Every structure is written in C-alpha cells, then in structure tokens.
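What follows is the residue order along each chain.
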Amino acid sequence: MRVGSWRAGAQEAYCISERRAARLVQLAISTLRYRSRKAFDEVLRRRLRELAGTHVRYGYRRLTVLLRREGWHVNAKRIYRLYREEELIVRTKQRRKMARRQRAMTTVPAERSNQQWSMDFVSDRLVDGRSFRILTIVDQFTRECVGLEADRSMTGKKVAEVLDRAKQERGHLPEGITVDNGSEFSGRALEAWAIANDVQLCFIRPGHPVENGFIESFNGRLRDECLNVEWFSSLDDARRKRLKFREHYNHQRPHSSLADRTPAAFAAPIAALRSPTAPCEPQFAPQGRPDARPFQRHFLEALECGETRMK
C-alpha cells in the first residue's frame, strides 16, 4: 500500500488533521501537498521552442529574460533544464583549421641559425599610464634578439612588417616560427604572410607557455633588466631604450647557455665552420635529446676546436 493511502486511512479512522496524519506515516507535508506541473511545463516548453526559433542565436539566459517579460514566473535553472532537454543549445561555429598550422610542438632543438625563431609580446606602461606592447623575436639556435618592436597596439599586419625588416637585416627568414595562440599570430594577415614567404607557424598548445621557453626566457630578461628599471616618458623614448637593450643583449651581455659568450659572438663563426675549408665541423646533438644545453655544448666544443687549429 502506498504511503498516501496510509495517510488517508489514518486520517479517516482517527479523525485527525492532514498534518498529524503525515507525521504519523513519516511523510513530509510538502511531498503530500505537491501537485504535478507537467501541463505547465508543456506550455512552457512550447513557448520556449517558439522563442528559440525566432531568436536563433539567443542562449538560455536571454530566453529566460524574454519569458519573464511575458509574465512567466521562472528562473534560469529551470529554463536551462528545459533548454537542454529540447536540444536548443546554440552551436558556435568552429573556425576552419588551416593545413599550414602546426599544432604539435617538436622537441628537437634547432641545428643552425635562422632555422627556428620564437615570437611573443610583452606589455608595459608609459609614465602617463598609457600602455604599449613590445614584439619580441629570438633565434632559438644563436639566442640572438632578431626583433624588438614597440608600439601602442600590434596587429598581425604590423607583425608581418617587423618580420620583413628582420629579413632585410639578416638576409634570411626561418623555416618556422614558434608562437602562442594570440589573435595577432592566428589572424589571416600573418597567415597570408607566412604562406607567401614559405614560413611554418608552429602554435604551442593553449596554456603551455613552456613549449615556447626560448622567448619566455628572453621576455624575463627584458622585463628584469630593462622594463623594470627604466622610465618611459613617451613611445619614442621606449623605442630608443629597447634598441639600446637589444644592442647590449646581442653584443655585450654574456649568455650562460653559450658558455658566457654573447649571442653575436656565438653566431659570428657559424658560417666559417660550415664552409668546406673549415678546420673542424660542429658535432650536433644526437637524435632523441630534446635538451638544448648539451647541443649548444657540442657546438661550442667544435667552435673552440676551430679556433685552436686556426691559431
């Protein structure tokens, strides 16, 4: 026998109230007095489908507001339940992936200069509070600062212009550039430039900045040794000081992973070592060793070997 029947029998037999009968059979009074609202739900579902069909890009929260404006006493949780059951979820159009985008990062270090670059942004403020951004570009093999461009805003088109100037300065573009998933790097302007110049854009996984560790390390040095110790009165002042820092970084600052040589000093003998008359060829890191430090050590040993034989 159901609990409701027990309650009804006790109430009739002992002439007691409904509430006392509910306590005797251990039944909550709210459960006892509950009335099904299926009919109301059906009407609400029908109206929800009509609104969703009219406003096809509205989510359940906006549809809840429209229903309340019509006089329905409903909350967002209830509408969300009906919204899911009716399969009215707005489908967001996914952007088509381009074939040239390499999402998987390679762990093999660069084996020569201008093979793989890294690129990222750093932000700072002028003395008047206005913000500006700095585009940083680093060669993964020589650790040279290839580009350091400051501007109030940076778009994909401006990034492409900076890369064109880097090409004129160095004479070559890299085979690939490691970048994050920012809108400046994932936009169509930079994608068109990469296709035109046969450069592969290598995107790191979202939330994994360690996959672009070369540029993250450089950005840390830039902020610690330049941005945190300098005052920038204007954008022109910021541009002058970033050029001064780039000159110091490439030609004066010792780099620990290059046996305390400067990036420019490390990069200078590479062309001579690769020539047919070179006294000693560099020994590259064996396959399967992703750490860049042993690789740089092998190259430095070859560099010292060449300098000794030249003497």
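Each residue is numbered by its place in its chain's sequence as written, counting from 1. Only residues with pLDDT of at least 70 are given local features in this predicted model, and only at 80 or more are side-chain atom pairs given and counted; all residues enter the totals for whole chains, interfaces and linings. As a rule here, side-chain values come from all non-hydrogen atoms in the structure, and water together with hydrogens is ignored.

Examining the confidence of the model for the protein
For the protein, mean pLDDT is 80; residues scoring 70 or higher make up 76% of the total. Every residue gets a pLDDT, meaning the predictor's confidence in that residue, from 0 to 100. Strands here mean DSSP runs of E at least two residues long; helices mean DSSP runs of H or I at least four residues long; both are numbered from the N terminus. Considering each helix and strand of the protein separately, the mean pLDDT is smallest for helix α14 (residues 292-310), with a value of 52, and largest for strand β2 (residues 131-139), with 95. Scored below 50 in pLDDT, residues 99-107 makes 26 contacts in the model with residues more than four places away or belonging to other chains. Only heavy atoms matter for contacts: two residues are in contact if any of them lie within 4.5 Å across the pair. Confidence drops under a pLDDT of 50 for residues 278-292, and excluding neighbours within four residues, the segment shows 34 contacts in the predicted structure.

Observations regarding the pattern of salt bridges
Within this document, salt bridges are pairs made up of a side-chain nitrogen of Lys or Arg and a carboxyl oxygen of Asp or Glu, the two lying within 4 Å of each other. All chains considered together, the criterion is met by 24 salt bridges. In this structure, Glu225 engages Arg253 in a salt bridge whose closest nitrogen and oxygen atoms are separated by 3.0 Å. Pair noted here: Glu225 is in helix α10 (residues 213-227) and Arg253 is in the loop between α11 (235-251) and α12 (263-267), with a separation of 28 residues, a long-range link. Taken together, the shared-partner salt bridges connect Asp41, Arg45, Arg49, Arg78, Arg81, Glu85 and Glu86 into one network.

Here we look at unusual backbone geometry
Peptide bonds are mostly trans, and most non-glycine residues show a negative phi. Notably, Asn114 is not glycine yet its phi reads approximately 60 degrees, a positive angle. You can see Asn114 is positioned in the loop between α6 (76-85) and β1 (116-125). Classification of residues uses two cut-offs on accessible area relative to the type maximum, computed with a 1.4 Å probe and protein chains only: under 20% is buried, over 50% is exposed, and between them is partly exposed. We classify Asn114 as buried; its relative accessible area is 14%. With a phi close to 65 degrees, Arg143 is a non-glycine residue in the positive phi region. Within the secondary structure, Arg143 sits in the loop between β2 and β3 (145-151).

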